[in-house]
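As a plain string of letters, each chain reads:
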Amino acid sequence: MQKLIGFKKINVAVFISGTGSNLKNLINHSLKKNSKFNICLVISNNSKAKGLIIAKKYEIYSKIINYKNILDAEKKILKELKRKKINLICLAGFMKILTYSFIKSFKGKILNIHPSLLPQYKGLNTHQRAIDNNEKFAGCTVHYVNSKLDSGKIILQKKVRILKNDTSNKLSKKVLKQEHILYPKALKKVLANL
Ligand code: GRF
């Protein structure tokens, strides 16, 4: 583990299923001077996730986990987390639901980013649902993960105005930009309290 003056860096694992733009952004933040965390492990349930290419490029160890059996999958993940001495997990577009027992074993140490202003629009298709309901704002939320979907304590949120001609696609691009600002900020806040 790399050392800062007087304290150790926190070892972070990022869980992904797809593009990995949040992963890339978090890696870039971890490489900044004075960063308090290292990304030591990337977990993906999807062997075709583009994020795996990003992990490779930055020489971060990644592990593809077969999710046919969720209990086996989580057992393997826990083994990797232990091996890499992971202190904190960041879910970033990870499309699998963690079991109660997994969450319990990392209690208060799992964060997620969700593309809505929680508690509104939990689950999928958040932007289309917000547009269909004529909402004025969409946004994103970083929260702790508990056993209920998208329901853990909120760490930070950012609002994004929905414009008249916004499609779900346009809106998701605008929100994603904000996600890339919000996630490192939230992580910093969490690390300050560890
Ligand atoms: C993001 O919109 C995030 O909020 C959601 O999944 C998407 C992941 O995007 N949970 P990326 O893979 O980080 O580009």
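Definitions and cut-offs
Residues numbered from 1 in each chain as written. Predicted model: local features only at pLDDT ≥ 70, side-chain atom pairs only at ≥ 80, totals over all residues. Heavy atoms only, no water. Phe/Tyr/Trp six-rings, centres within 6.5 Å; stacked < 30°, edge-to-face > 60°. Helix = DSSP H or I, 4+ residues; strand = E, 2+ residues; numbered from the N terminus. Buried < 20%, exposed > 50% of the residue type's maximum accessible area, 1.4 Å probe, protein only. Lys NZ or Arg CZ within 6 Å of the ring centre and 35° of its normal. 1 Å grid on protein atoms, 1.4 Å probe; cavity = no way out; pocket = protein on both sides within 12 Å on 5 of 7 lines; lining within 4 Å. Points joined across faces, edges and corners; volume = space filled by probe spheres on them. Nonpolar A, V, L, I, M, F, W, Y, C, P; charged D, E, K, R; others polar.

*Asks:* Give me the packing of aromatic side chains: which residues, what numbers.
*Replies:* For the structure on display, the rule yields four aromatic pairs. Centre to centre, the rings of Y67 and F94 are 6.1 Å apart; their planes meet at 70°, and the pair counts as edge-to-face. Here Y67, found in the loop between β3 (62-64) and α3 (70-83), pairs with F94, found in the loop between β4 (88-91) and α4 (100-105); they are 27 residues apart in sequence, far enough to count as distant. In this structure, Y67 and F94 share a single accessibility class: buried. Within the aromatic cluster, the residues linked to one another by ring pairs are F15, Y67, F94, F102 and F106. Note that K159 overlies the ring of F137, its terminal NZ or CZ placed 4.7 Å from the centroid.

*Asks:* Before we move on, can you summarise empty space enclosed by the protein with the specific residues and values?
*Replies:* Throughout the structure, instances matching the rule amount to one cavity of 30 Å³ or more. In this structure, the largest cavity spans a volume of roughly 40 Å³. Surrounding the largest cavity, P115, S116, L117, Q120, Y121, T126, H127, A130, F137, A138 and G139 form its lining. Mapped by element, the contributors of at least two residues to the lining of the largest cavity are α5 (126-132) and β6 (137-144). Residues that form the lining of the largest cavity fall into these classes: six nonpolar, five polar and no charged.

*Asks:* Which residues make up the layout of surface pockets, and what values go with them?
*Replies:* Put simply, the largest pocket is a space of about 950 Å³. As for the largest pocket, its lining consists of 38 residues, of which G93, F94, M95, I113 and P115 are closest to the centre. Where the lining of the largest pocket is concerned, the elements lending two or more residues are α1 (21-30), β5 (110-114), α5 and α6 (168-192). With four residues, α6 is the single largest residue contributor to the lining of the largest pocket. Here the lining of the largest pocket is composed, by residue class, of 15 nonpolar, 19 polar and four charged.

What is shown is where atoms sit, not what they do.
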